[in-house]
Amino acid sequence: MTSKQRSYLKGLAMNIDPVFQIGKSSLTPEITAAIAEALEARELIKITVLKNCLDDGSSIASVLSERTHSEVVQVIGRRIVLYKQAKEESKRKIVLPK
């Protein structure tokens, strides 16, 4: 992903609300599966890491990107933005700049 594409996705992410909250139990298989489904449906999602979670945002973001085969757009404090292009062209909502 180029820096131009990343900045475009950051701009889109400013207007969306967090879809998931990761709490005390950290990353469970159920949360990971739900995030993977949401990425397939929405392509760009924002996640909040609650204060009672022992893991930091950047480590959770890297683990999530590996497990869901997505890209980390940005991590600011306890907010994570992930992007994954939809598999089917008909479901793609976001067109990245070249």
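Report on the accompanying structure. Predicted, not measured: the structure shown is a model, and the values here were computed from it. (Residues numbered from 1 in each chain as written. Predicted model: local features only at pLDDT ≥ 70, side-chain atom pairs only at ≥ 80, totals over all residues. Heavy atoms only, no water.)

**A few points about the sheet that holds strand β2 (residues 44–49)**
Strand pairing in a sheet relies on backbone hydrogen bonds, with the paired strands running either antiparallel or parallel.
Right, so step 1: Read across the open sheet, the four strands follow the order β1-β2-β4-β3; overall the sheet is mixed. At either margin of the open sheet sits one strand with a lone partner, and together these are β1 (20–22) and β3 (71–76). The average angle at which neighbouring strand axes cross in this sheet is 25 degrees, direction not considered.
Right, so step 2: For β1 and β2, the ladder comprises three bridges, and the chain directions are parallel. Opposite F20, over in β2, you have I47 as the bridge partner.
Right, so step 3: Strands β1, β2 and β4 (79–83) of the sheet are contacted by helix α2 (residues 29–42), whose axis makes an angle of about 150 degrees with β2. (Pairing = 2+ DSSP bridges. Helix = DSSP H or I, 4+ residues; strand = E, 2+ residues; numbered from the N terminus. Axes fitted to C-alpha atoms, helices over the stretch in contact; angles between N-to-C directions. Contact = heavy atoms within 4.5 Å.)

**Some points on the environment of A86**
Right, so step 1: Of note, A86 is situated in the segment after β4.
Right, so step 2: We classify A86 as buried; its relative accessible area is 1%.
Right, so step 3: In this structure A86 touches E40, E43, K91 and R92, once residues within four positions along its chain are discounted. (Buried < 20%, exposed > 50% of the residue type's maximum accessible area, 1.4 Å probe, protein only.)

**Some thoughts on the pairing of β3**
Right, so step 1: Bridging between β3 and β4 involves five bridges; their strand directions are antiparallel. Bridge pairing in β4 links Q74 to V81.
Right, so step 2: Linking two consecutive strands that pair antiparallel, namely β3 and β4, is a turn of two residues; a positive phi of about 60 degrees is found at G77 within it.

Purely geometric stuff here, so don't read any function into it on its own.
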